[in-house]
Every structure is written in structure tokens, then in C-alpha cells.
Protein chains: 2
Amino acid sequence: MTEQVFYLPKGYRYAGVNCGIRPNSKKLDFALVVSDLPATAAGVYTQNLNCGAPVVYDRERTPCKGIRVVATDSGCANACTGKTGLFNARKMAEYAGEAVGASGDETLVMSTGVIGVQLPMRQIAQGAEKAAAKLGPAYHDFEKAATAIMTTDTKLKVVSRQIQLPTGTVVRLAAMCKGAAMIGPNMATMLATIVTDAALEPQDAQKALFDAVQDTFNCVSVEGHTSTSDTCILLANGAANPNPLAGEDLKAFAAALLEMCQELAPMIPNDGEGVSHLITIDVVGAPDRESAKLMAQTVANDALVKTAICGADPNWGRIVSATGRCGVKYDPAKVSLKVNGFLLYENGAPVDFNKEEVSNSIRNNRNVTFELFFQEGDGKIRFWTSDLTTEYVHLNADYTT
Amino acid sequence: MTEQVFYLPKGYRYAGVNCGIRPNSKKLDFALVVSDLPATAAGVYTQNLNCGAPVVYDRERTPCKGIRVVATDSGCANACTGKTGLFNARKMAEYAGEAVGASGDETLVMSTGVIGVQLPMRQIAQGAEKAAAKLGPAYHDFEKAATAIMTTDTKLKVVSRQIQLPTGTVVRLAAMCKGAAMIGPNMATMLATIVTDAALEPQDAQKALFDAVQDTFNCVSVEGHTSTSDTCILLANGAANPNPLAGEDLKAFAAALLEMCQELAPMIPNDGEGVSHLITIDVVGAPDRESAKLMAQTVANDALVKTAICGADPNWGRIVSATGRCGVKYDPAKVSLKVNGFLLYENGAPVDFNKEEVSNSIRNNRNVTFELFFQEGDGKIRFWTSDLTTEYVHLNADYTT
């Protein structure tokens with residue numbers, strides 16, 4: 001990823017700094033994304049009932065106008081932290097807002113890291129000051145912010161788009177995200193900040209973001225643990241053109257947002273802890289979209305399926321059996337399955353296949369595809385997950401002690 | 001386990017033999033349980049839509065009177081095998097029935113092992129003949145049958161009871177089971193055969209079995225994969241007293257059956273592949289029983305919880321977060337958690353605790369307890385699961401190839 005091909009929306013500045021949330025670590029752990037103009041903000045959040053304090057704080061506010069700042073720390077999730085946690089989330093917003101000449105009410109917050117530990121507020125205050133002093137509009141500033149929100153991620157996860165809208169305006173979108181469900185030893189939850197210089201009404205921003213997330217960030221999984229902290233924020237500041245998008249322009253924007261999230265979402269399971277394969281699951285012919293998603297998700301979270309792929313074992317019975325246990329009703333005699341394009345199961349019965357050939361195909365490709373065919377309706381979905389390796393267990397067996 | 005303390009019901013004979021379902025294996029792989037008298041039979045089966053052919057065969061028949069034989073093979077699950085599989089399940093019942101002078105209609109069948117492979121019928125026919133020639137009423141015969149149904153189980157799983165019913169009759173119950181969900185590299189599904197010399201009407205047998213299974217075999221999990229083949233069969237032959245139980249006698253019998261299953265069920269996750277801890281999860285104060293079960297089950301199947309226990313890591317945030325993601329509504333500010341008796345989380349906020357002490361307690365005890373307290377209602381459940389170890393991944397990463 002180089003600056004040359006990365007499109008940054010106008011009117012934003014970024015910073016990522018180390019403020020010492022983890023003792024003796026130099027890792028960047030505090031990020032600011034600042035809009036020069038008050039921006040429309042939308043948010044989509046975890047459905048976990050024990051959600052983090054930052055989720056409570058942001059959810060009360062979005063969708064809205066007038067947001068200037070998104071402040072994120074990595075290392076402490078501020079989740080399961082009771083009333084003190086809520087107080088600290090508000091305080092973090094105030095520190096970050098004030099550091100850049102805005103208010104707490106103009107600031108949204110995100111936190112990721114270990115659950116059940118209170119935010120170290122002295123470090124958060126220092127991080128806000130330090131980051132405010134380093135804000136810049138360039139790609140390397142954006143990259144620092146994107147690095148600061150990472151926990152156990154091994155790769156930067158950023159994408160961008162520049163599009164000309166049907167009525168002529170050129171707008172840009174850029175996004176950074178981190179983590180994958182709760183895969184990491186650091187409780188690496190999924191966070192994303194998306195910025196654009198288009199102008200959007202709050203309800204339009206919310207709808208576009210919600211729709212994009214349904215087919216992307218809500219279709220990735222590592223072990224199926226919806227974290228306490230999952231948050232996806234969209235800021236739209238209108239720096240390219242202050243008139244809120246409508247009609248065909250709004251549609252084109254929503255399409256670009258979706259496409260960008262489609263590029264970003266699979267990066268999460270692909271960078272999961274100890275992952276050796278990214279698995280893309282296509283379900284077609286399900287009774288409806290919801291059923292398709294439930295079946296894909298059940299396959300995606302199945303330890304037996306995931307260990308088989310880790311071992312390049314074309315043990316397709318586990319995939320078929322996983323769809324059968326999820327509660328969706330279908331005719332088992334009309335199910336077929338392809339793995340990496342090889343037909344292994346057709347209309348409810350096994351197909352003769354060359355095990356070695358299929359096994360080699362899995363072993364030699366990081367990207368593995370499952371195609372599950374039903375004959376019930378037009379429900380379909382694409383879902384992404386990772387395999388399950390001994391490395392995952394090692395990394396997750398011993399974190400807080 | 002010795003014959004002295006094991007109570008065998010009257011009027012049953014057992015055998016376990018090797019018939020060569022797996023090439024070059026001497027493992028016992030074919031079991032017969034034969035009742036001298038026609039017995040009442042009840043069955044509880046997997047809810048997996050892609051259920052095995054033996055499940056289809058048995059489910060059509062139970063509850064009923066007149067069953068003489070339960071035949072079980074280990075090594076081939078006869079699941080996802082289409083019409084050929086259904087034909088073979090019926091054929092297996094006929095072979096087994098005829099070998100002992102009964103008919104296919106007097107025979108129930110169970111199969112466990114790899115999915116998607118047709119039953120080797122020549123071996124099954126040989127197994128039936130061979131087992132019929134070895135039938136015997138003693139504990140060592142029972143133990144051979146119990147051994148023959150095992151796949152990757154490392155320990156025999158058998159229990160028995162003798163009770164005097166309120167009206168004076170003494171009856172005996174004995175049970176054998178194998179496996180745990182789909183944990184094993186051999187698709188080690190859960191199978192159980194329970195025999196008693198009490199007499200039961202089919203509907204009473206069905207109700208007693210169903211009720212016992214709800215709180216026992218339906219409350220164990222290793223990775224949450226409801227297999228294609230889970231089957232629990234109860235035979236009641238009336239050899240102790242031909243009059244069907246009623247009233248207080250029936251209640252006493254049901255209580256003994258439940259108690260026996262409570263002893264048997266945790267043996268399954270405790271013998272899971274690569275397991276180093278048996279985790280007992282108690283949920284109390286949930287809105288209702290169903291909610292309690294959903295929360296316990298979500299915790300039980302959570303890879304992050306299971307890896308943490310494997311590593312003796314008291315990372316309680318993962319447990320609390322798992323209950324929050326399962327869809328049950330509750331007040332997060334009224335949740336408390338104990339692990340091995342240590343209070344770690346109280347009314348929605350972390351409690352100071354000695355991490356080393358709790359970690360040592362997990363490390364040094366194979367049995368780990370979670371107690372989750374809610375303040376919503378009187379819903380409660382006890383659920384059993386295992387931890388997740390690198391050994392589990394090793395064993396499951398490479399089976400069919």
C-alpha cells in the first residue's frame with residue numbers, strides 16, 4: 001500500500017501515538033481521527049448485551065451531525081467495567097475532544113483490548129494530548145492511526161476509493177479496521193473507522209453503513225464470539241461538496257461503501273491468530289437470506305470443519321452435518337457441495353473423488369472455497385472465516401496470566 | 001468397575017466382536033444387546049436434519065413394543081449416504097435380528113464413525129453372526145458390547161442402578177454410552193443403550209427417557225456440533241415383573257433413570273479428544289430454563305473460554321461476554337460469576353482477586369466450575385463441557401486423508 005494509490009478524503013487529520021496503556025510496550029496504542037468540519041456520524045455496534053462502555057456512549061449519539069473526533073485506544077476494551085467504565089468513556093471523549101479544540105459531545109470513542117479492566121485515564125489523557133500534537137493529513141498519518149488501533153493484528157487493514165458521482169462531484173472514502181471477532185489473545189475485537197468527504201444526512205449515512213455492514217463485517221467470523229466492543233463508525237464531513245447526497249448520487253456512494261467494506265472484511269479472518277487458510281463460504285438456494293446466513297455461519301464457526309481445513313482434510317461430512325444442525329429446514333436429498341471447485345456431495349449422496357487431489361488443493365491454497373447448494377429458494381450469502389490451528393489454541397490459552 | 005457392584009437387568013445378553021469395519025484393525029466394532037423377552041423401546045435422537053440412516057430407521061419405530069435387539073457398529077456412521085444408506089440400515093437390522101432368531105422389525109440399529117461412507121455390508125453380516133454366537137449375560141459380555149460401540153473413547157462409559165420400587169419390586173437399570181458430540185477424529189458421535197428389567201408402557205418409557213436426556217445428554221457439548229447420529233435407546237423387558245410401572249413406581253423409576261444419566265453424561269466431555277479439564281457450568285436466576293440453557297451452551301461452546309481454561313487463565317471476561325452474545329435479554333448490571341468458587345465478577349463489575357491463586361486452582365483441578373448468577377427469574381441449568389487444547393486440533397486436523 002503506497003500513498004500514490006490511496007485516496008484520502010479532504011478535511012481530515014490523523015495521528016497514532018504510544019501513551020503506555022500496556023506497561024513497557026512501545027506499540028502505538030492511541031489514535032485520533034479529526035474532521036476539520038463538523039461531520040455527520042453513523043455507527044453500527046455489537047449486539048453483545050455486555051457491550052463495552054464506549055459502545056454505550058457512541059450508540060446513544062449516532063446517527064447525528066456535528067462530530068469532529070473519533071478517539072480509539074488499543075490494549076483496554078473498557079468492557080464489563082460497570083459505572084466507572086461509563087464515566088471513563090465519557091472522560092476519554094472529553095480529553096480527546098478538548099485536545100483538539102472540540103468538546104466531548106463532538107467526540108466518539110472506541111476501545112479494544114482486555115475485558116474487565118478499567119481504562120488507565122492518566123495514559124488516556126496523555127495520549128489525547130500527544131496525538132493532538134501530531135495530527136496530520138497525509139497517508140503516513142492515516143497509517144499511524146490505523147496501526148494504533150491494532151492489537152494482535154499482523155497486517156494493516158486499510159482501503160480507499162475515489163468515485164465520481166452521477167451529478168459530477170468527486171468524493172473519496174477511506175477506511176481502517178482491526179481485529180476479528182474476539183480471536184486474539186488481546187481480545188482483538190473488530191473496530192472500523194470510515195471517513196468520507198461526501199456530505200450525508202444522518203439517516204442516509206446510517207442506512208448506507210448498516211446495509212454495507214450486513215453483507216461484510218457481519219459476515220466474518222473466527223470463532224463466532226461477537227465481542228463486547230465491535231464498532232464501525234462512518235464520518236461524512238462534506239469537504240468535497242457541502243450538499244448532502246441524494247438520489248442516484250446516494251446510491252453510487254452506498255455502492256462504493258459496500259464495495260470497500262467487501263474488500264476490507266475478509267482481511268479480518270485472513271489475519272486471524274494462527275490462521276493458515278481463509279475460507280469463503282457461499283450458500284445458494286436457501287429458503288431466504290437469513291437461513292443462508294445461519295447455515296454459512298454455523299459452518300464458519302464449526303471447530304470440526306475448521307480443524308479439517310487446517311489439516312487439508314477434505315472431510316466434507318463435517319460441512320454437510322454442520323448445515324444440518326443449525327435449525328434451518330431443507331430437503332437433505334437436495335444438497336450439494338463443492339470444495340475448491342471439486343464436487344464432493346451431490347443431491348444428498350457422496351460423490352467419488354480423488355482425495356489426494358482435493359487435499360493438495362486445500363494444502364496449496366491459502367484461500368479455500370465452500371459452495372453449498374440447496375434447492376429451497378433464492379436465499380444466498382457469502383461468509384468468510386478462518387481455519388483453526390494449534391497456534392490459535394497456543395495464543396489463546398494463556399493471555400491474562 | 002467390577003462385576004460385584006454392577007447391577008445387570010435380568011433377561012438380556014450382550015456381545016461385542018471385531019468384524020473388520022476398519023481394515024487392519026482388531027478393535028471390537030460390532031455390538032449386540034439382546035432381550036430374551038420382547039421389550040418396550042423408546043428413543044431420543046439427534047436434531048440434525050442430515051441425520052444418519054439408522055436414526056431414520058429407529059425414529060420411525062420408537063416408541064413401541066416388541067423390540068428384541070439393538071445392533072451397533074463403530075467405524076462407519078452410515079450418514080449422508082442417501083438411499084443406499086437407508087437400504088443398508090434396514091439390511092443391518094435384518095442381519096442382526098435373524099442372527100439371534102428375531103426379525104428386522106424387532107431390531108434397532110445404531111452406527112457411529114466416519115460420515116459419507118457406505119456400510120460394508122459383508123462385514124456387518126459377519127459381525128451379526130459372530131456376535132450372536134458369543135452372546136452372554138455376564139458383566140464381561142456387557143463390557144465387550146460397551147467396548148465395541150466406542151470409537152476414539154479412551155474410557156469405558158457404563159453405569160447401573162438397582163432400586164426397590166415403592167410397591168416392592170426390585171428392578172435394575174444398566175447403561176453404556178460412547179463419544180461426545182462430534183469431537184473425535186472418527187466422528188465420535190454420542191450413542192447410548194439403556195436396558196432395564198422393569199416393564200414400561202411405550203409412552204411412559206418415551207417420556208421418562210426424553211425427560212432424562214433433556215437434563216443430561218442434551219446438556220453436554222464439546223464443540224457444539226450436534227452429530228448426524230446421536231441416539232439414546234431405552235429397552236424395558238419386564239423380566240423383573242411383567243406389569244407395566246405406574247404411579248409412584250413409575251416416578252421412582254424415572255428418578256433412577258435421570259440419576260443414572262446424570263452420572264453418565266459428564267463422562268462424555270471428560271473423555272473428549274485431547275481434553276485436560278471437565279467444565280461444569282451452572283446458570284441460575286435466568287429468565288427461564290431455555291434461556292439458562294442457551295447461555296450455558298454458548299459459554300460451553302466458546303473457543304475463547306475453552307482455550308483460556310486449557311491455559312489455566314482466569315480470563316473471566318470471555319465467560320461474561322459469551323453470555324452477552326447469545327441473545328438472551330438480562331440486566332448486565334446484575335450478573336455475577338464464580339470460577340472454582342472464587343468470585344471474579346459481581347453485579348456487572350470486576351472484583352479484585354488473586355490471579356495466581358485462581359489460575360493455580362484451575363491448573364490443579366481437572367474439574368472446573370463456573371457459576372453464573374443472574375437476577376431475572378428462576379431459570380437454571382447445569383451443563384458440561386471440555387476445554388480446547390492443541391491436542392484436539394491435532395487429532396481433528398487430519399482424519400479422512
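Residues numbered from 1 in each chain as written. Chains lettered and ligands numbered in written order. Predicted model: local features only at pLDDT ≥ 70, side-chain atom pairs only at ≥ 80, totals over all residues. Heavy atoms only, no water.

## Details of the overall build of chain A
Line of reasoning, step 1. For chain A, the helix and strand inventory stands at twelve helices and 14 strands.
Line of reasoning, step 2. Against the globule reference of 21 Å for 401 residues, chain A gives a C-alpha radius of gyration of 22 Å, in line with a compact fold.
Line of reasoning, step 3. Its C-alpha atoms give chain A principal-axis dimensions of roughly 70 × 55 × 40 Å.
Line of reasoning, step 4. Burial statistics for chain A: of 401 residues in total, 63% are counted as buried.
Line of reasoning, step 5. The contacts in chain A between residues at least 6 apart in sequence include a share of 79% that link residues at least 24 apart. (Helix = DSSP H or I, 4+ residues; strand = E, 2+ residues; numbered from the N terminus. Rg over C-alpha atoms; globule rule 2.2 N^0.38 Å. Buried < 20%, exposed > 50% of the residue type's maximum accessible area, 1.4 Å probe, protein only. Contact = heavy atoms within 4.5 Å.)

## As for the interface of chain A and chain B
Line of reasoning, step 1. Facing the 63 residues of chain A at the interface are 62 residues of chain B.
Line of reasoning, step 2. Both faces combined, the contact of chain A with chain B buries some 4500 Å², and carbon together with sulfur accounts for 59% of it.
Line of reasoning, step 3. When residues of chain A are sorted by the area they lose upon contact with chain B, Leu 49, Asn 50 and Leu 304 of chain A head the list and together hold 14% of the total.
Line of reasoning, step 4. On the surface where chain A and chain B come into contact, there are zero salt bridges. (Buried area = accessible area lost by both parts, 1.4 Å probe. Salt bridge = Lys/Arg side-chain N within 4 Å of Asp/Glu carboxyl O.)

## Considerations on the packing of aromatic side chains
Residues and elements named next belong to chain A.
Line of reasoning, step 1. All chains considered together, the criterion is met by twelve aromatic pairs over all chains.
Line of reasoning, step 2. Both rings, one in Tyr 330 and one in Phe 374, keep their centres 4.8 Å apart while their planes meet at 65°; by these two values the pair is edge-to-face. Taken as a pair, Tyr 330 in the loop between α10 (317–324) and β10 (336–339) and Phe 374 in the loop between β13 (367–373) and β14 (379–386) lie far apart in primary sequence, 44 residues in all. Side by side, Tyr 330 and Phe 374 carry an identical accessibility label, which is buried.
Line of reasoning, step 3. Site record: aromatic cluster; members linked through ring pairs are Phe 6, Tyr 14, Tyr 139 and Phe 142.
Line of reasoning, step 4. Taking NZ or CZ as reference, Arg 61 lies 3.6 Å from the ring centre of Tyr 57, over its face. (Phe/Tyr/Trp six-rings, centres within 6.5 Å; stacked < 30°, edge-to-face > 60°. Lys NZ or Arg CZ within 6 Å of the ring centre and 35° of its normal.)

## Side note on the relation of the copies chain A and chain B
Line of reasoning, step 1. Least-squares fitting of chain A to chain B yields an RMSD of 0.0 Å, with the superposition described by an axial translation of 0.0 Å and a rotation of 180°. As the rotation angle and translation indicate, the two copies are arranged about a two-fold axis. For chain A, the smallest separation between a C-alpha atom and the rotation axis is recorded for Thr 390 of chain A, amounting to 2.4 Å.
Line of reasoning, step 2. A symmetric contact is evident, with 98% of the interface residues of chain A recurring at the interface of chain B. (Least-squares fit on C-alpha atoms with pLDDT ≥ 70 in both.)

The values are spatial; any link to function lies outside them.
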